[in-house]
Amino acid sequence: MDAKIKKSAVIYISIFLLLSTGIWFLFNLKKIQNKQVYLNQKIVKAAAEFKATLNGYKMVIDFVESRYFKDPQVLRIIYVCMSSPPEKRTACKKTLRKKLEPLQAEMKKYQINYVQLKLPDGTVFFRFHRSETGEKLRKNKKSFIFGKGKKITGGFRFPFELYYRNTFLGTGEIIVSYDAVKEQLRKTFKGEYRFLIHREFMLSRVLKEERKSYIQSDISPDFYYVSSGKRNFQIDPEILAGINKKLKEKIKNKIEKFRNFAVDIKVNGNYYVVSFIVIRSMTGEKVGYLVYYEKDNTISLFDETFLIMYISVELALIAMLGLIITTIKRGEKFRILSEIDALTGIYNKGKFNKVLDEELKKVRRYKRPLGLILFDIDHFKKINDTYGHQVGDYVLKTVAKIVKENIRDTDIFARWGGEEFVILAPETDINGLKILAEKLRKAIEDYSFDRVGKVTASFGITEAIPEDTVDSVVRRADEALYAAKERGRNRVEIMLPEI
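Small disclaimer: the values here were computed from a predicted structure and weren't measured.

Across all of its chains, the model carries 1 disulfide by this definition. Each sulfur of the disulfide joining Cys81 and Cys92 lies 1.6 Å from the other. Since a negative S-S torsion denotes a left-handed disulfide, the Cys81-Cys92 link at about -105 degrees is left-handed. Residue Cys81 is found in helix H2 (residues 72-83), and its partner Cys92 is found in helix H3 (residues 89-99); the two are separated by 11 residues along the sequence. Overall, the relative accessible area of 11% leaves Cys92 in the buried class.

Here it is as structure tokens:
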């Protein structure tokens with residue numbers, strides 16, 4: 001007896017350990033998947049905020065261009081300056097500077113701190129925040145220009161062309177610095193931001209004397225960030241350093257791929273989400289990342305939920321193993337549950353097929369009428385896409401409730417799959433079936449669904465004959481349903497068997 005007990009104990013313990021290990025891996029996989037879905041949402045959010053900020057600057061710059069650099073008076077001054085000998089341009093430029101004085105105030109307001117105008121030959125004709133004039137751009141045409149006063153150490157370029165009476169005068173260029181964009185993001189979205197520029201791009205585009213403003217990132221030696229000297233951090237610098245220390249190992253296989261991604265980091269008991277959004281040059285070249293640091297303790301819920309679920313399942317598993325005999329006796333109950341659709345509480349497809357097979361046998365034996373209705377909810381995908389799956393589930397459950405209230409107790413109602421439902425109506429010929437289908441169609445159409453409002457359904461109906469199989473009668477109803485959808489939806493169509 002003792003040997004049998006020990007053998008049973010070994011078996012139970014082995015089963016328990018095997019199941020525990022499997023559950024751990026499954027739950028952990030589910031946790032990782034759910035967390036990744038959440039991080040993907042964070043990526044979308046960060047990218048949208050970044051895009052919205054740049055679009056805001058683009059609107060401001062479009063306004064600046066329209067107001068100042070499409071002004072006929074400004075264009076005429078530029079035209080006169082361009083046509084004048086070099087020795088007479090100084091006075092002309094003073095006139096232009098005075099004309100554009102209001103622009104400098106607006107640029108300060110929006111943290112736009114660089115404007116330059118170039119002649120068609122590439123000569124820098126006029127610029128704000130740099131006193132030199134008439135200077136030739138370098139042949140390699142650096143993308144980043146550095147001015148005096150409010151120094152720009154890289155940013156986003158917004159070019160435009162200058163025309164006066166169909167004469168091409170040259171090009172203009174406004175640069176919004178990384179610092180300006182970063183500060184705007186901080187003010188609007190309350191996060192901590194940093195622009196990382198890839199080493200190759202920095203070396204090829206940034207003037208040598210300005211590279212000292214770029215500091216090698218502590219999360220990757222191949223990326224640099226601009227040191228602005230400002231101290232209005234949203235996240236304490238020491239905590240930021242702790243985050244970056246952990247980031248270094250976590251992102252080393254991701255950052256070189258130049259794709260948007262996000263990771264979670266735990267520092268000093270708090271969770272942070274760090275999103276990396278790819279930034280591009282005007283030519284579409286991937287040059288670096290906008291890095292968004294955000295405190296987010298929602299991440300902790302994934303770990304907490306995982307532990308709660310795992311412990312709960314483990315306790316349930318222990319109880320299940322201890323009560324295995326009772327569980328076997330309850331097998332019938334679980335069998336019944338396996339026949340019910342969990343969402344709507346009606347029969348599922350498997351159970352319905354069994355009932356239909358039995359009813360078709362009665363049709364062959366007793367030649368009694370048997371009607372079949374197949375219907376689905378019109379434009380259900382649009383409901384899910386517009387309002388979300390929770391609202392979609394509510395619509396499915398509500399439609400099932402409406403139908404159950406309008407059919408007989410002897411009718412068999414089941415969820416066929418997705419938004420499709422099926423009804424088996426014993427002792428009902430095609431005429432009675434049409435009346436029933438119209439009644440159900442009208443009941444659904446007249447119901448006012450929360451948030452969604454009006455919902456309709458399309459119906460296909462047919463009557464079984466002794467020669468029918470499960471497949472043939474369902475196929476006929478499906479053809480009728482297809483015809484209802486083709487003819488405008490929210491209608492009943494009949495498909496009779498060929499005799």
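This brings us to the sheet that holds strand S5 (residues 192-198). Pairing is antiparallel across the open sheet formed by 6 strands, whose spatial order is S6-S7-S5-S10-S9-S8. In the strand order of this sheet, the two ends are held by strand S6 (214-216) and strand S8 (261-267), each with one partner. The average angle at which neighbouring strand axes cross in this sheet is 30 degrees, direction not considered. Summarising the sheet, S5 and strand S10 (residues 286-295) pair through 6 bridges and their orientation is antiparallel. In the sheet register, Phe195 faces S10, and the bridge partner there is Leu290. Sheet contacts for helix H5 (residues 178-189): S5, S6, strand S7 (223-226), strand S9 (270-280) and S10; angle to S5, the most-contacted strand, approximately 150 degrees. The strands touched by helix H7 (residues 237-250) are S5, S8, S9 and S10; relative to S8, the strand with the most contacts, the crossing angle is about 125 degrees.

The next thing to look at is the packing of aromatic side chains. Within this structure, the stated rule accounts for 23 aromatic pairs. Where Phe261 meets Tyr289, the ring centres are 5.9 Å apart and the plane angle is 80 degrees; that geometry is what we call edge-to-face. Residue Phe261 is found in strand S8, and its partner Tyr289 is found in strand S10; the two are separated by 28 residues along the sequence. You'll find Phe261 and Tyr289 in the same group, each marked buried. Ring plane angle 70 degrees and centroid distance 4.9 Å describe the contact between Tyr447 and Phe449, whose orientation is recorded as edge-to-face. Counting every residue linked through ring pairs, the aromatic cluster contains Phe223, Phe258, Phe261, Phe276 and Tyr289. Cation over ring: Lys31 sits above Phe306, and NZ or CZ is 4.9 Å from the ring centre.

What follows covers the pattern of salt bridges. Any two side chains of opposite charge can pair, so long as their charged atoms come close to each other. Scanning the model with the defined rule gives 32 salt bridges in all. In this structure, the salt-bridge partner of Lys362 is Glu359, at a minimum N-O distance of 3.3 Å. Taken together, the residues span about one helical turn, with Lys362 and Glu359 both in helix H11 (residues 349-366) at a distance of 3 residues. The residue Glu405 makes a salt bridge to Lys401 at a minimum N-O spacing of 2.9 Å.

In S7, alternate side chains face the same way, and those of Phe223 and Tyr225 on one face and Tyr224 and Val226 on the other are all buried. Pairing geometry for S5 and S7, over 3 bridges, is antiparallel. The partner of His198 across the bridge, within S7, is Phe223. In terms of strand pairing, S6 meets S7 through 3 bridges, oriented antiparallel. Of the residues in S7, the one forming a bridge with Ile215 is Tyr225. Between the antiparallel neighbours S6 and S7 lie 6 residues.

Definitions and cut-offs
Residues numbered from 1 in each chain as written. Predicted model: local features only at pLDDT ≥ 70, side-chain atom pairs only at ≥ 80, totals over all residues. Heavy atoms only, no water. Disulfide = S-S within 2.5 Å. Helix = DSSP H or I, 4+ residues; strand = E, 2+ residues; numbered from the N terminus. Buried < 20%, exposed > 50% of the residue type's maximum accessible area, 1.4 Å probe, protein only. Pairing = 2+ DSSP bridges. Axes fitted to C-alpha atoms, helices over the stretch in contact; angles between N-to-C directions. Contact = heavy atoms within 4.5 Å. Phe/Tyr/Trp six-rings, centres within 6.5 Å; stacked < 30°, edge-to-face > 60°. Lys NZ or Arg CZ within 6 Å of the ring centre and 35° of its normal. Salt bridge = Lys/Arg side-chain N within 4 Å of Asp/Glu carboxyl O.

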